[in-house]
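Descriptive structure summary
This is what each chain is made of:
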Amino acid sequence: MIIGDVTLLVDRSQVPATLRLPPGFNVAVPFIDRHVPEGRGAKIAIRSAAGDITYAELASGVNRSGNALLRLGVKRGDRLLMVVKDCPAFFHLFWGAIKAGIVPVPLNTILRADDYRGIIEDSRCAAVVFSPEFAGEVGPALGAARPGPSVALPVDGERGFLALAGDASPQLEAVPAAATAPCFWLYSSGSTGRPKGVVHRHRDMVATSELFGRGVLGLREDDVVFSAAKLFFAYGLGNAMTFPLWSGATAVLLDARPTAQNTLETIQRFRPSVYFGVPTMYALQLQALETARPDLGSLRLCVSAGEALPAAIYDRWRERTGVTILDGIGSTEALNTFVSNRPGDSRPGTSGKPVPGYEVRIVDERGAEVGDGEQGILQVKGPSTAAYYWNNPEKTRQTMLGEWLVTGDTYLRDDEGYYRYCGRSDDMLKVGGIWCSPIEIEARLLAHPKVLEVAVVGLPDASGLVKPEAWVVVRGGASPSEQLAEELTMHCKGHLAPYKYPRQIHFVAELPKTATGKIQRYRLRA
């Protein structure tokens, strides 16, 4: 198969598949540059409330953005932090940076100033570009970071990045790179709450887009693709950008924080054929569909990842819409989905089977593979796994065992070959598809003067979705009450990312602990 100047040898009967990429390969060429010569210049690449962008306009915007970054003094190999909403400018910045040899680093847009400051310092970035909506958190981070970037400016405005890019040349030659050269980063939460820079290579987006996007999902040029998961997620980056671009399809972008109402309205307005969500959003949409009646008839394919999809949501969605949700598992380190259900082969309550091109295994504490029906730690090997964690060799050694990536998820494989999620092997939570450290929530609660001790764990809500709950021991003189519970909740909401606050506060006289004083969170989950 020839896509641009990329020759793909993909034999899905063998694992791993082979991706043959030419010397000097820069991934922006097959994703951006090939579409106009292949006749898609006038075709719509991006649709949003702000208007449509053709493939020709996208290519011009990418080139102008790459040239603007170079004119600002950002050099090859420098990091560009992007705190940018889902809009065409995200595409322009991301691909313009890659084409110019600069490393784009999209960041979660709902973090707080302290989070951004830590990432700015850790990445030693040369530039930060942000949507004006996020200036309230990004601005203080820029002021506090040591060292800070040499370039920092908003996307929009008279002196914003797009104004500079508008004056730049629409022609830009791709900087020669290599399939295994560092290309872009994503930041993933850690068990201590400290984000980790996940370094991905030029080949990685090719692998996920071909092996999962085209190979499993069968995405086509005539598809219109909408993702409720945002572009800064590894999951959303594939769904909303690389998968449609690789297939020559059309991406639909929603620049607001997704809700049941605005995602259903987006589906009705733009008529996508493929929809990517997370279980929490599907649950909210089902609740809205009890009274609302949007037209969802354009959908031929619905996909889920980010957290395990409860079978009840799977069944209710199919009953309400007539479309089956294909659940799977991926990770920031693997870039996208590597185990998945697929059209014609979907089993509720499971993550499906390995994506052709990836190998997975389930191992015990000694690293030996376990048999069917036995629980163990899931590991994956494939052509999209990250090279390493930036500035974190210890975590790299723990997680990346040669070609094998340790996911930290506990799984079992049933006797029919389907993989079933059994929980995390550590205390990390996924809330609405986003990693969340209980330690970070505990630290915030402990900062309250009325809290003596606290433990946070994840428990399923009424829809079967995991949400954080807190067990609190109050200080002497304080009295447990509904008023104090509300006070502690607001204490968290005011300083943590919105999805991290505890949904329930339980007051207890003491926390369960081991003989050495370690909190036994598993007892709180029981």
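Below is a summary of the structure that appears in this document.

Conventions we followed
Residues numbered from 1 in each chain as written. Predicted model: local features only at pLDDT ≥ 70, side-chain atom pairs only at ≥ 80, totals over all residues. Heavy atoms only, no water. Helix = DSSP H or I, 4+ residues; strand = E, 2+ residues; numbered from the N terminus. Rg over C-alpha atoms; globule rule 2.2 N^0.38 Å. Buried < 20%, exposed > 50% of the residue type's maximum accessible area, 1.4 Å probe, protein only. Contact = heavy atoms within 4.5 Å. Areas by Shrake-Rupley, 256 points an atom, 1.4 Å probe, with all protein chains shown as cover. Lys, Arg positive; Asp, Glu negative; His and termini not counted. Charge placed at Lys NZ, Arg CZ, Asp CG, Glu CD. Pairing = 2+ DSSP bridges. Right-handed = clockwise from strand over helix to strand, strands pointing away. 1 Å grid on protein atoms, 1.4 Å probe; cavity = no way out; pocket = protein on both sides within 12 Å on 5 of 7 lines; lining within 4 Å. Points joined across faces, edges and corners; volume = space filled by probe spheres on them. Axes fitted to C-alpha atoms, helices over the stretch in contact; angles between N-to-C directions.

Observations regarding the overall build of the protein
Along the backbone of the protein there are 15 helices and 29 strands. Against the 2.2 N^0.38 benchmark of 24 Å for 526 residues, the protein shows a C-alpha radius of gyration of 23 Å, consistent with a compact globule. Along the three orthogonal principal directions, the C-alpha set of the protein runs to about 70 × 55 × 50 Å. The 526 residues of the protein split such that 58% are buried. Expressed as a percentage of contacts within the protein between residues at least 6 apart in sequence, the contacts between residues at least 24 apart total 66%. When the accessible area of the protein is evaluated, it comes to approximately 21000 Å², of which 49% is carbon and sulfur surface. The averaged location of the 56 negative side-chain charges in the protein is 2 Å from the averaged location of its 57 positive side-chain charges.

Describing the pairing of strand β15 (residues 301–304)
Side chains L301 and V303 project from β15 onto one buried face, and the interleaved C302 and S304 project onto a second face that is buried too. Looking at chain direction, strand β14 (residues 274–277) and β15 are connected through four bridges and run parallel. Bridging across to β15, G277 finds its partner in S304. Handedness of the crossover is the feature at issue here: the chain leaves β14, passes through helix α10 (residues 279–288), returns alongside β15, and the resulting connection is right-handed. Bridge count for β15 against strand β16 (residues 325–330) is three bridges, and the pairing is parallel. Paired with S304 across the two strands is D327, which belongs to β16. Read as a crossover between parallel neighbours, the route from β15 over helix α11 (residues 311–321) to β16 is right-handed.

A closer look at unusual backbone geometry
Here the bond from R146 into P147 is cis, since omega is 0°, no more than 30 degrees from zero. Inspection of the secondary structure assignment puts P147 in the loop between α5 (135–144) and β9 (151–154). For R124, which is not glycine, the phi torsion reads 50° and is therefore positive. Of note, R124 is situated in the loop between α4 (113–123) and β8 (127–130).

Observations concerning empty space enclosed by the protein
By the definition in use, this model includes two cavities of 30 Å³ or more. Empty space within the largest cavity amounts to approximately 40 Å³. Lining the largest cavity are L309, Y314, I325, D327, N341, S346, R347, P348, G349 and T350. Taken as a whole, the second largest cavity encloses approximately 30 Å³ of empty space.

Here's the deal with the sheet that holds β16
Pairing within the open sheet is mixed, and its nine strands lie in the order β5-β4-β13-β12-β14-β15-β16-β17-β18. Each edge of the open sheet carries a strand with a single partner, namely β5 (51–54) and β18 (353–354). Against the sheet, helix α2 (residues 55–71) touches β4 (44–48) and β5, its axis set at about 80° to β5. Packing against the sheet, helix α8 (residues 234–247) makes contact with β12 (224–227), β13 (250–252), β14 and β15, and its axis sits at approximately 165° to β12.

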